[in-house]
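Chain by chain, the residues run as shown.
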Amino acid sequence: MSRTRTRLTCLPLFLLPCISILVAARPASAADRPASTERASAGITRDRGDLFPGAGRPTVAAATGLPFLGIAEAGIGVTNGFAIGVVGGVTPSVWTAGIRPRLRLPTSERTALLLVAPMLFYPKASAPGPGNVGTSSWVLTRAELFFDGALNERWHLAGGMGFIAAGSTEALGQFFAGRDFRMPPYDGSNEPRRGFAGGIWNTVATRGSYAFDRDTHLFAEGTIVLEGIVPAKEVGGPPLVVNFGIQHSF
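Residues numbered from 1 in each chain as written. Predicted model: local features only at pLDDT ≥ 70, side-chain atom pairs only at ≥ 80, totals over all residues. Heavy atoms only, no water.

Draft legend 1. Broad picture of the overall build of the chain. When its secondary structure is counted, the chain shows three helices and 14 strands. Burial analysis of the chain (250 residues in total) assigns 37% to the buried set. The long-range fraction of contacts in the chain, counting pairs at least 24 apart against all pairs at least 6 apart in sequence, stands at 52%. With the model as given, the accessible surface of the chain reaches about 14200 Å², and the carbon-plus-sulfur share is 65%. (Helix = DSSP H or I, 4+ residues; strand = E, 2+ residues; numbered from the N terminus. Buried < 20%, exposed > 50% of the residue type's maximum accessible area, 1.4 Å probe, protein only. Contact = heavy atoms within 4.5 Å. Areas by Shrake-Rupley, 256 points an atom, 1.4 Å probe, with all protein chains shown as cover.)

Structure representation (structure tokens):
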């Protein structure tokens, strides 16, 4: 912290006012500084958690969990309340890539609504949802709205709900062209099956983060995929998404 040096060249008549100004303008001591300033100078607090690095700041993250053995992101804070990242990941059977935009709307000094919506492309996988036969490239989005709260200077905890929408790119192309999707033949049959490869499911989700310092966080997130109030079926695996990872901003 810099200090201001002032030479007293005033006449004796003006000594008292000059001294008063110097006392009022002196650097604050640790006892005088607000607690929030102390925490910020110590590099501990980041009141937006791991998802929002701040305007113009790059961020990277890496995680593992289910269904992803590994997933990584490189992103940037567009504003203090909006960030977007490029995502790549791999499961035991397929790899994926996409983007993850997220938006933060403060509701108080310590709480906010968060909208997180990763959008992924799978180049070749079992088509999700009803009619899960054959393989196709397909797309998926998982949009979730959270209520997030800062428990203290290091911990954030959020809970919310949303939806997952997934579909075969071939099915979507034929749907928008006004044709019924004819899925590939299987089990030795030469006749394609009719139907739609895809679906929409509702979700319940939670996430939390812990700040090592102002720029580095551990995070964990989990989503249960549902059909109404029961766990979903025909989603290409367990109806669960879980990630544990670390994030750093520059």
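Draft legend 2. Representation of unusual backbone geometry within the structure. The amide bond that connects Leu66 to the next residue, Pro67, takes the cis arrangement and shows omega of 5°. By the element assignment, Pro67 lies in the loop between β1 (58-66) and β2 (70-79).

Draft legend 3. Spatial organisation of the confidence of the model for the chain. On average, residues of the chain score 79 in pLDDT, and 70% of them are at 70 or above. Within the model, pLDDT remains below 50 along residues 1-46, and this stretch shows 36 contacts once partners closer than five positions in the same chain are excluded. (pLDDT = per-residue confidence, 0-100.)

Draft legend 4. Inspection of the pattern of salt bridges at higher detail. Scanning all chains against the criterion turns up seven salt bridges. The salt bridge involving Arg57 is made with Asp215; its shortest N-O contact spans 2.9 Å. With a gap of 158 residues between them, Arg57 in the loop between α2 (35-41) and β1 and Asp215 in the loop between β11 (198-211) and β12 (216-227) connect regions that are remote in the sequence. In this structure, a network of salt bridges that share partners links the residues Asp50, Arg207 and Glu221. (Salt bridge = Lys/Arg side-chain N within 4 Å of Asp/Glu carboxyl O.)

Draft legend 5. View of the packing of aromatic side chains. Under the counting rule described, the total for this entry stands at three aromatic pairs. A centroid spacing of 4.4 Å and a plane angle of 5° characterise the contact between Tyr122 and Trp138, whose relative ring orientation is stacked. Of this pair, Tyr122 sits in strand β6 (residues 119-126) while Trp138 sits in strand β7 (residues 135-150); the two residues are 16 residues apart in sequence, bridging distant segments of the chain. Trp138 gets classed as buried once you look at its relative accessible area, which sits at 11%. With a centroid separation of 4.9 Å and an interplanar angle of 55°, the aromatic rings of Trp155 and Tyr210 are classed as tilted. Taken as a pair, Trp155 in strand β8 (residues 155-168) and Tyr210 in strand β11 lie far apart in primary sequence, 55 residues in all. You can call Trp155 partly exposed: its relative accessible area is 44%. (Phe/Tyr/Trp six-rings, centres within 6.5 Å; stacked < 30°, edge-to-face > 60°.)

Draft legend 6. Inspection of the pairing of strand β3 (residues 82-90) at higher detail. Across the two faces of β3 the burial differs, with Ala83, Gly85, Val87 and Gly89 buried and Phe82, Ile84, Val86, Gly88 and Val90 not buried at all. The sheet contact formed by β2 and β3 spans nine bridges and is antiparallel. Considered in β3, the bridge of Gly70 is made with Val90. What sits between β2 and β3 in their antiparallel hairpin is a turn of two residues. (Pairing = 2+ DSSP bridges.)

Draft legend 7. Looking closely at the environment of Gly75. One can find Gly75 in strand β2. For Gly75, a relative accessible area of 14% translates into the label buried. Through-space distance from the C-alpha of Gly75 to that of Pro53 is 9.2 Å; in sequence the pair is 22 residues apart. Residues contacting Gly75, with those up to four places away along its chain left out, are Arg57, Pro58, Thr59, Ile84 and Gly85.

Draft legend 8. Broad picture of the pairing of β12. When β11 meets β12, the two strands line up antiparallel, connected through 10 bridges. Bridge pairing links Ala205 to Thr223 in β12. Taken together, β11 and the strand that follows it, β12, pair antiparallel across an intervening segment of four residues. The pairing of β12 with strand β14 (residues 240-249) spans nine bridges and is classified as antiparallel. Bridge pairing links His217 to Gln247 in β14.

Draft legend 9. Representation of the side chain of Arg102 in the model. Mapped onto the secondary structure, Arg102 falls in strand β4 (residues 95-106). Engagement of the side chain of Arg102 in a polar contact is seen with the backbone oxygen of Leu51, the distance being 3.0 Å. A polar contact is formed between the side chain of Arg102 and the backbone oxygen of Arg100, at a distance of 3.1 Å. Aside from chain neighbours lying at most four places away, what touches Arg102 is Leu51, Phe52, Thr59, Glu73, Gly81, Phe82, Ala83, Ile84, Gly85, Leu115 and Val116. (Polar contact = N/O pair within 3.5 Å; in protein donor to acceptor, adjacent residues only side chain to side chain.)

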